[in-house]
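Letter by letter, the chains look like this.
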Amino acid sequence: MDLTDTIELPATSADTVPVGAGLSIFDPVFLGIDEFGQAVYLPMIYRNILIGGEPGAGKSSLLNTIVGHAALCPDVRLCLLDGKQVELGLWQDAADVFVGPDIEHAIRTLRRVQTVMDNRYSFLMSRRRRKIGRNDVFGQILVACDEIAYFSATAGDKKTQELFAALLRDIVARGRAVGIIVAAATQRPSSDIIPPSLRDLFAWRFAGRCTNDVSSDIILGHGWYARGFSSNTIDPNNQGEGFLIAEGGIPNRVKAAYMSDTDIIRVADYAAWTRRHDSSEIGAAA
Ligand SMILES: Nc1ncnc2c1ncn2[C@@H]1O[C@H](COP(=O)(O)OP(=O)(O)OP(=O)(O)O)[C@@H](O)[C@H]1O
């Protein structure tokens, strides 16, 4: 076997019928519409997304849309962290790991993801490859965190908070090539929670309405307010609207798609049903 080959998944046997069309995390995620009414699709593979904005800006709803896409992808495992529990909690049955308001559990979980990440890099090294591909036997992992600040600044003590922040940063920095995607939200876009060195690791950044121009710049990047882009200009009654920026791009005004709780429950139940809760790589690495 050529060492640069990917490991192919076995072909689907002829006597099985796939349930539904089946998405892949290699397919872009439908995010919403832009100001011209055009659909906005976001490629998430090999990328991370940071979502910021004031309370009620629509951050959790956007995160739910991304988790919803991933939940319908048989090639993604879900690792969800939600200090409030109810923001991502509807996906619990479809998730490999669900972390509630428990900083120790959050740290254990990120350490497991870190171990998986290291193992995958060792695998790539042994195959003389740089990144995983669509046909690799191991699936991708979505680490979704609703309210970074809960784990990095509120729960636990300074030591555990710093450990959480360091683990998250490492996963955001190194996870991309091995199929580990981070989608993280914060209602506290301040430089202590999102230092520029962390923000700049996120290929995608979405700033929902922010209470001031400085907060908007903390999500989008320094200088965008001065160039006429501030999410402080968004109408507070227009939840789900925000500026989306890709690395190297300019901010685009986007109205995010919205799933009601009923929609989420339907999709989450379906996703849970289609998933097998067998040996989890995250769990096995512990
Ligand atoms: N894309 C959207 N379209 C229409 N309404 C939306 C959209 N996103 C959010 N909303 C409305 O705004 C409300 C608040 O949204 P959401 O809970 O996502 O905000 P948040 O920024 O996560 O708030 P918090 O920081 O308090 O958790 C939702 O319950 C919903 O009614």
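For clarity, every value in this text was computed on a predicted model and none was experimentally measured.

With respect to the confidence of the model for the chain
Taken residue by residue, the chain gives an average pLDDT of 88. The fraction at 70 or more is 89%. No element of the chain has a lower mean pLDDT than helix α8 (residues 281–284), at 50, and none a higher one than strand β5 (residues 97–99), at 97.

Some remarks on the site of the ligand
Neighbouring the ligand are 17 residues; Gly-56, Lys-59, Ser-60, Ser-61 and Gln-187 lie closest to it. Contact between the ligand and Ser-60: an oxygen atom at 2.6 Å from a side-chain N or O atom of the residue. Taking Lys-84, its side chain carries an N or O atom lying 3.0 Å from an oxygen atom of the ligand. Contact with the protein chains hides 73% of the accessible area of the ligand, taken as 630 Å² for the molecule alone. Per-element tally for the shell around the ligand: the top contributor is helix α1 (residues 59–71), with three residues. Considered class by class, the residues forming the shell around the ligand number five nonpolar, seven polar and five charged.

What to know about the pairing of strand β8 (residues 204–208)
Buried residues dominate β8, accounting for five of its five residues. As judged from the four bridges shared by strand β3 (residues 49–52) and β8, these two strands associate in the parallel manner. Residue Leu-50 lies in a different strand from β8, and its bridge partner there is Arg-205. In terms of strand pairing, β8 meets strand β9 (residues 241–246) through five bridges, oriented antiparallel. Bridged to Gly-208 within β9 is Gly-242.

The rules behind each value
- Residues numbered from 1 in each chain as written.
- Predicted model: local features only at pLDDT ≥ 70, side-chain atom pairs only at ≥ 80, totals over all residues.
- Heavy atoms only, no water.
- pLDDT = per-residue confidence, 0-100.
- Helix = DSSP H or I, 4+ residues; strand = E, 2+ residues; numbered from the N terminus.
- Near = heavy atom within 4 Å.
- Polar contact = N/O pair within 3.5 Å; in protein donor to acceptor, adjacent residues only side chain to side chain.
- Areas by Shrake-Rupley, 256 points an atom, 1.4 Å probe, with all protein chains shown as cover.
- Nonpolar A, V, L, I, M, F, W, Y, C, P; charged D, E, K, R; others polar.
- Buried < 20%, exposed > 50% of the residue type's maximum accessible area, 1.4 Å probe, protein only.
- Pairing = 2+ DSSP bridges.

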